[in-house]
Amino acid sequence: MELFLRFIQFMVKIFYFVIHALLKLALPRKKEQTIPPIRNKLLTLSLVELVQRMRLHQLKSKELVQAYIDRIREVNPHINAIIEERFEEALKDAERADDMLNKCPLDQTQSLFTRYPILGIPFTVKESCGLKGMAHVVGSLERVGQKAQYDCVPVENFRSAGGIPLLVSATPEYCFSIETNSFTNDRCLNPYDFRRTCGGSSGGEGALHGSGASIFGIGSDIAGSIRIPCLFNGVFGHKPTGGLISNLGHFPNSDDPKCLEYLQMGPITRFGRDLGMLLQVMIGRKADKLELLTPVDTKEIKVFYSFGFDGLNGLLHQPVDFDIQLSIMKAVKYFEKKGCSNERARIKHFRNSTEMGLTGIARLSNFPYLMRADNKPPQVKENIKELIKGTFGYSKYTKEALIFELMRSTNVFMPRDNMEKYEAEVKLLKQEIIDLLGWHGVLFFPTFHIPAIHHNSSVFPLWGIDYCLIFNILGLPCTHIPMGLDSNGLPIGFQVVAAPMRDKLCLQVAGELEQGFGGWVPPTKHDFK
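It should be emphasised that the depicted structure is a prediction, and the values quoted were computed from it without experimental measurement. (Residues numbered from 1 in each chain as written. Predicted model: local features only at pLDDT ≥ 70, side-chain atom pairs only at ≥ 80, totals over all residues. Heavy atoms only, no water.)

A. Structural context of the overall build of the protein. Helix and strand counts for the protein stand at 18 helices and 15 strands. Taken over C-alpha atoms, the radius of gyration comes to 22 Å for the protein, in line with the 24 Å a tight globule of 529 residues would show. Taken along its principal axes, the extent of the C-alpha atoms in the protein is 70 × 55 × 50 Å. The buried share of the protein, taken over its 529 residues, is 63%. Within the protein, contacts between residues at least 6 apart in sequence are counted, and of these 78% link residues at least 24 apart. A total of about 20,700 Å² of accessible surface is found on the protein, and carbon and sulfur atoms cover 56% of it. (Helix = DSSP H or I, 4+ residues; strand = E, 2+ residues; numbered from the N terminus. Rg over C-alpha atoms; globule rule 2.2 N^0.38 Å. Buried < 20%, exposed > 50% of the residue type's maximum accessible area, 1.4 Å probe, protein only. Contact = heavy atoms within 4.5 Å. Areas by Shrake-Rupley, 256 points an atom, 1.4 Å probe, with all protein chains shown as cover.)

As C-alpha cells, this is what we get:
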C-alpha cells in the first residue's frame, strides 16, 4: 500500500464528506421534473419486441426511426447529449430497410432476420467509438473538425446486421472524466436531476437512454465509463471480457496489448433482456466463444456478494450508499428464492485495489496525452501550471482531464519499482476471483459508492472509480443493473461480475433482475403501460 497515495485518498474522503453534505443542504432535490414524458408507445418496446413486430410486417422501420428522432429532438434541449446527428440519412436507411421487408414474403422473413437480425432498428453511438464521416472530436478543442475515417468494429457489426445509426453522443475531453463536460459541447445533464451529472465517459449515451431516447447504444469502458453513466441514468450496460472486441476506430486508444484487455466497447440499453442479442451482434464471429445462445439453469448460478472493499482499504474508500447496499441484498434474496446459493465474498487481494488499478492505467504505453502529440508524458511542472490555469478557467483543457493527466505523468505518485510489484499482484487477484467464481459463480459489487453526483464535483469522489477500474485491469466481464430509485428520485443499482468469457452469466442475471424489479424507471412517468 502506498502511504502518500493513500494519504491523499483519505484527505479527499474527509473533504468530500463535508462538501457532499453541504451540497445536499444547499441543493435539495426538486419535487418536479421537467423532462417531457414519453408519448409514443413504440419508445417503450424492447429490441426483441421491435424485431418481432418488424418480422411480422406489423411495424415499418421508417416509423420507428422517426419516433426516435422525434424523441431525441424533444429531450436534447434538456440534456445536451448530441454531438452530431444523421437523421436525414437514417430515414433513407430506414426506407431501404422497409423496401427489403416489403419484397420479402411473410413466410420468408425469418431467414431475412437470420441474416440481418436488427434490420431497420436505430441505435446511437458514443462519439469516441468511430462512426464513419461523423464527428470524432471527443471533447477536445485541438480535435475540432476531425471526422471518423471508418466505423469501429461494433458499429460495423451493427450496420452489417441491418442497424441504423442516428447520431454520435457527448463525451468528456479524451474520455478522461466521470462527468461529461467539455469546451466543445458544454455540459451534459442528468435526466433525473438537471443539477447532477450524467456520468462519464459514456455520458451522452447514458443521458439519452435514461431519457428514453435510444433503443440501444455503443459505449466504451476503461475505468467504469459504461457502468458509471448507466448507474447515474438508471439503465443497463455491459463491459465485455477483456480483449473480446477490437478497439480499432476508438479514440483514445493504444497499440499496447494491455489496452485491449482494459478498454472495451460494449452495449448500453434500457432493457436487460436485450443484452444477449446485442452482445451477440456486437462481437460478430467471436460470439461463439461466449456460448450466449446456450441457456444456464438459474439454480446453478452461485451468488457471491460484497458491499465494497474490506479492512483498511475499505476504510480509506468513501462508504457505499445505504440504498446501493440494500439493492445488492434485495438481489441476493431474490436469487435465494430461486434456489441459488449465496455467500459473502472476502477477497484478500483487494487490499491494494487502488494501487493495482491506477498502475494499470499509468503504465499503458502510447496512450494519448492531452498536451503532447507524441504520446509522451508532459513535464509535471507543465501539467501543474496548466491545471492551475484550468482551475481559474484559463486553460484550453478541462481540469478533470488535466488531473487524470497529472496522475499518469507522475506514475500515480508511486516509484516505478513499486508499480511492477502491483502488476504482479493483479495476477494473484485475478486467479483468486476466478477460483472463487468458477464456471457458474457471479459477484454482486457496487458500481460506484453513491448515485449521480452534482456537476463540477467529480474531483472529490473520483476514487470511487476503483469499484469499476479494478475489473477492467482484471479483464473480467461486468454488467451494471438498475434497481429502481432512491428517496431523492435518483437511480441506484450495482454491477455483476463473472469469470473471463462467462459474460452470459452477467447478462442472465440482468434479465432475471429486470423481470423481478422492473429495470429502467422513466424520469417522468408516462400515462400508458
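B. View of the side chain of glutamate 173. Relative to the elements of secondary structure, glutamate 173 occurs in the loop between β3 (164-169) and β4 (181-182). Within polar-contact distance, the side chain of glutamate 173 engages the backbone nitrogen of threonine 398 at 2.7 Å. The contact partners of glutamate 173, leaving out residues within four places of it in the chain, are Val138, Gly139, Ser140, Asn181, Ser182, Leu370, Lys396, Tyr397, Thr398 and Ala401. (Polar contact = N/O pair within 3.5 Å; in protein donor to acceptor, adjacent residues only side chain to side chain.)

C. Seen up close, the packing of aromatic side chains. A full pass over the atoms with the stated rule returns 23 aromatic pairs. On the numbers, 5.2 Å between centres and 15° between planes, the contact of phenylalanine 309 with tyrosine 467 is stacked. Here tyrosine 467 lies in helix α17 (residues 466-474) and phenylalanine 309 lies in the loop between β11 (302-305) and α11 (311-316), a separation of 158 residues in the sequence. Residue phenylalanine 309 shares its accessibility class with tyrosine 467, and that shared class is buried. Connected via pairs of aromatic rings, a cluster forms that spans Tyr174, Phe176, Phe251, Phe367 and Phe404. Over the ring of tryptophan 520 we find arginine 270; its NZ or CZ atom is 4.9 Å from the centre of that ring. Of note, arginine 502 hangs over the ring of tryptophan 439, and the distance from its end group to the ring centre comes to 3.8 Å. (Phe/Tyr/Trp six-rings, centres within 6.5 Å; stacked < 30°, edge-to-face > 60°. Lys NZ or Arg CZ within 6 Å of the ring centre and 35° of its normal.)

D. Examining α17 more closely. Of all nine residues in α17, nine are buried, a share of seventy percent or more. Here α17 has its buried residues at Asp466, Tyr467, Cys468, Leu469, Ile470, Phe471, Asn472, Ile473 and Leu474. Positive backbone phi, at 75°, marks glycine 475, one or two positions downstream of α17.

E. Highlighting the pairing of strand β9 (residues 236-239). With burial as the criterion, each face of β9 is covered, one bearing Phe236 and His238 and the other bearing Gly237 and Lys239. Pairing analysis gives three bridges linking β9 to strand β14 (residues 478-485), with the strands arranged antiparallel. Opposite histidine 238, over in β14, you have threonine 479 as the bridge partner. (Pairing = 2+ DSSP bridges.)

F. Focus on helix α3 (residues 61-79). For α3, with 19 residues, the first-to-last C-alpha span of 26 Å sits near the 27 Å given by 1.5 Å per residue. Along its length, α3 reaches its greatest deviation from straightness, about 25°, at arginine 73, and the proline proline 77 lies no more than four positions downstream. Listed as buried for α3 are Ser61, Leu64, Val65, Ala67, Tyr68, Ile69, Arg71, Ile72, Val75, Asn76 and Ile79. Once α3 finishes, asparagine 80 follows within two positions and takes phi at roughly 55°, a positive value. (Expected span 1.5 Å × (residues − 1). Bend = angle between axes of the 7 residues up to and from the residue.)

G. Quick look at the environment of serine 306. Structurally, serine 306 can be placed in the loop between β11 and α11. Expressed as a C-alpha distance, the spacing of serine 306 and glutamine 325, which sit 19 residues apart in the sequence, is 8.7 Å. Residues contacting serine 306, with those up to four places away along its chain left out, are Ile328, Arg344, Ala345, Leu443, Phe444, Phe445 and Pro446. At 2.7 Å, the side chain of serine 306 and the backbone oxygen of glycine 308 are in polar contact.

H. Summary view of the sheet that holds β11. Spatial ordering of the open sheet is given by β1-β3-β2-β8-β10-β9-β14-β15-β13-β11-β12, a layout of eleven strands whose pairing is mixed. Two strands in the sheet have a free side with no partner beyond their single neighbour: β1 (82-85) and β12 (342-344). For this sheet, the mean inter-axis angle between neighbouring strands, taken without regard to orientation, is 25°. Of the pairings in the sheet, the one linking strand β13 (residues 441-445) to strand β15 (residues 491-498) comprises four bridges and is antiparallel in character. Note that in β15 the partner of leucine 443 across the bridge is valine 497. (Axes fitted to C-alpha atoms, helices over the stretch in contact; angles between N-to-C directions.)

I. Up close: the nonpolar core. One finds Ile121 and Phe444 to be the most contacted residues of the largest nonpolar core, which totals 99 residues. Here this core gets eight residues from one element, more than from any other, and that element is α3. Not counting residues within four places of it along the chain, the set of residues in contact with isoleucine 121 comprises Leu47, Leu50, Val51, Met54, Leu64, Gly162, Gly163, Ile164, Ile215 and Phe216. In this structure, Cys259, Phe309, Val320 and Leu476 belong to the second largest nonpolar core, which totals 66 residues. (Core = buried A, V, L, I, M, F, W, Y, C linked by side-chain atoms within 4.5 Å.)

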